[in-house]
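If you want the building blocks of each chain, they are given just below.
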Amino acid sequence: MATEARVVGNSTIVSTNPATGEVLAELACASSSDVQAAVLRAKQAQPAWEATPPRERVAVLRRFQRLLCEQRDQVADLICREAGKPAVEALTTEVLVILDAAEFCIHNAHDFLREEPLPHANLAMKTKRGKLLREPFGVIGIISPWNYPFSIAATETLGALVTGNAVVLKPSEFTPLIALELQRLLLAAGVNPDLMQVVIGEGPTGAALIESPIDKLIFTGSVATGKRVAEAAARKLLPVVLELGGKDPMIVLDDADVEIASSGALWGAFMNAGQTCLSVERCYVHRSLYENFLEACSNKIAKLRVGNGIGSEVEVGPLIHERQLRIVDEHVRDAVIHGARLLQGGKRLTELGPNFYAPTLLADVTRDMRIIREETFGPVLPVAPFDTDDEAIRLANDSDFGLAASVWTTNRRRGEAMAKQIKAGTVMINDVISCFGIAEAPHGGFKLSGIGRTHGKMGLAEMVQVKNVDTDLLPGMPKVWWFGYGEQFRQQMNGFIDLLFARSWGKKLKGALRSAGLLRRGNRI
Ligand code: NDP
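Being a predicted model, the structure only gives us computed values, none of them experimental. (Residues numbered from 1 in each chain as written. Predicted model: local features only at pLDDT ≥ 70, side-chain atom pairs only at ≥ 80, totals over all residues. Heavy atoms only, no water.)

Chemist: Before we go on, may I ask you to explain the site of the ligand in this structure?
Modeler: Taken together, 31 residues sit near the ligand, with E173, S222, L244, E375 and H443 positioned nearest. Taking S144, its main chain carries an N or O atom lying 2.8 Å from an oxygen atom of the ligand. In the model, an oxygen atom of the ligand is placed 2.7 Å from a nitrogen or oxygen of the S222 side chain. For the ligand, whose accessible area on its own is 910 Å², the fraction buried by protein is 89%. The set of elements that each furnish at least two residues to the shell around the ligand consists of α7 (203-211), β9 (216-220) and α8 (223-235). Considering every element that reaches the shell around the ligand, the biggest residue donor is α7, with four residues. For the shell around the ligand, a count of residues per class yields 13 nonpolar, twelve polar and six charged. A domain-level breakdown of the shell around the ligand finds at least three residues from each of domain 1 (6-244 + 457-467) and domain 2 (248-439). (Near = heavy atom within 4 Å. Polar contact = N/O pair within 3.5 Å; in protein donor to acceptor, adjacent residues only side chain to side chain. Areas by Shrake-Rupley, 256 points an atom, 1.4 Å probe, with all protein chains shown as cover. Helix = DSSP H or I, 4+ residues; strand = E, 2+ residues; numbered from the N terminus. Nonpolar A, V, L, I, M, F, W, Y, C, P; charged D, E, K, R; others polar. Domains from an automatic or database assignment.)

Structure follows, in structure tokens:
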């Protein structure tokens with residue numbers, strides 16, 4: 001039974017339901033010349049869109065938001081079927097996130113794009129007025145993964161469109177139908193079809209998008225692909241945002257509530273079957289709570305319902321494909337061979353379908369295990385004890401990744417103090433992953449987890465180029481710093497520097513007298 005979308009004869013891909021293996025569609029792949037043509041069409045359409053007042057662009061987003069709200073069941077159902085995630089998660093972590101991201105753009109795009117006055121502090125520049133303009137790049141290429149096939153592609157597309165860009169989106173080969181659904185909604189909301197195009201295909205289609213004349217690339221995916229993308233982009237100095245993998249630590253301090261923290265750990269590790277860049281991938285628990293925490297997690301895991309995500313009762317769905325399942329299995333086996341205690345799961349659930357893996361709890365994991373060093377991206381909660389806060393911070397920072405982290409404590413100050421010492425793009429106190437659903441919050445990582453930010457104002461800032469426009473208010477006056485140098489001018493400038501920056505008032509006064517003739521300077525060329 002087919003469980004992965006795959007290239008057939010190099011010209012089509014097959015989209016399948018990862019829970020059942022059912023074929024959902026067979027789609028034609030875009031060739032390099034198709035990608036090139038799509039980008040050229042986008043380039044032609046973009047200037048008129050850029051010239052459209054932001055208010056009208058916002059109105060299109062408002063219509064998109066309304067349509068998505070009305071048709072949310074249909075969209076969520078498709079996400080369930082093509083990505084395999086539970087119905088509730090399709091609604092909360094995909095549809096709701098995008099309704100809110102649209103709301104953010106609707107309320108903030110206009111102010112964000114407003115011209116910003118730029119005051120000039122330097123006395124020498126007081127005859128000028130500056131302002132900053134935020135202008136679209138042109139065509140934004142978006143390459144997106146399968147794990148949040150709607151919310152990642154849509155957040156980036158909405159930000160690009162509202163700031164006046166056109167978009168060419170290359171979704172993962174495993175979730176093309178969801179990208180087409182996003183396109184359908186945007187077109188129904190009034191977006192010109194050339195402004196939002198989807199190019200279907202595998203990695204080579206993404207590579208062709210990077211080689212095409214796009215003006216910026218927003219890439220979300222693994223570190224390995226991200227490095228290849230960065231190399232290809234560097235060859236043509238294409239600006240890129242890279243949202244890459246994570247190995248997020250969760251730290252449970254000695255004053256934490258074990259009931260709360262264990263439920264949080266479960267959701268953080270098993271939501272979307274652990275296939276979330278912000279998943280809890282390592283859990284460090286203070287030794288005084290360690291065994292209680294493991295027992296609470298083990299008892300709660302036994303209650304999780306695993307199965308086909310369609311329907312409201314399932315909590316953990318399938319993995320996306322067999323390759324992902326193999327990685328998870330290898331990490332769990334490696335951990336057990338190296339001394340980890342397997343307390344729950346650790347096996348495939350073939351009776352449920354092709355891609356199911358049991359929610360797994362591992363205790364006593366150590367840094368020499370793959371499960372602590374590499375991104376697992378599956379339903380596994382690896383737990384280790386620590387003795388002091390300093391040790392917990394050292395363990396949390398002992399990783400090549402730095403996407404997010406969480407600290408669990410009943411003392412807010414203590415949690416926030418620890419957050420300052422953790423090297424990650426986001427640190428949550430007493431929750432996990434939900435930062436992705438805060439439309440105002442920037443999303444992005446330290447270290448190998450990426451470059452740049454999406455979401456919020458920082459995400460909008462990635463979609464524009466800043467132009468500085470500076471106007472001299474005395475156009476008939478030659479500037480003092482122009483040619484016609486000489487000893488007297490040098491003395492005057494020294495006096496001017498003293499006037500501005502000398503520490504004593506006496507020196508400042510002398511500087512003012514020495515520089516007095518600057519404006520009437522002769523010998524100009
Ligand atoms: P991949 O890196 O395998 O793929 C990401 C995208 O890149 C896909 O659309 C893929 O196409 C495409 N691609 C593959 N090869 C190339 C290439 N040579 N040039 C251009 N594009 C290419 O990641 P996954 O789809 O497996 O997603 C999971 C990864 O994404 C995890 O590491 C996860 O942590 C990370 N991620 C990061 C997030 C963040 O915000 N930091 C959010 C979500 C996920 P195809 O699928 O067709 O091969």
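Chemist: When you look at the packing of aromatic side chains in this model, what are you seeing that I'm missing?
Modeler: Geometry of an aromatic ring pair is reported as the spacing of the ring centres plus the angle between the planes. Here the structure, examined in full by the defined rule, presents four aromatic pairs. Plain terms: the ring middles of W146 and F377 are 5.7 Å apart, the flat faces sit at 75° to each other, and that makes the pair edge-to-face. On the criterion of sequence distance, the pair formed by W146 in the loop between β6 (139-143) and α5 (151-162) and F377 in the loop between α12 (370-373) and β15 (380-386) is long-range, its members being 231 residues apart. Classification of W146 as buried rests on a relative accessible area of 13%. Three or more aromatic residues link up through ring pairs in this structure, and these residues are F483, Y485 and F489. Between the NZ or CZ atom of R521 and the centre of the ring of F489, over which it lies, the distance is 3.8 Å. (Phe/Tyr/Trp six-rings, centres within 6.5 Å; stacked < 30°, edge-to-face > 60°. Buried < 20%, exposed > 50% of the residue type's maximum accessible area, 1.4 Å probe, protein only. Lys NZ or Arg CZ within 6 Å of the ring centre and 35° of its normal.)

Worth remembering: the numbers are spatial, not functional.
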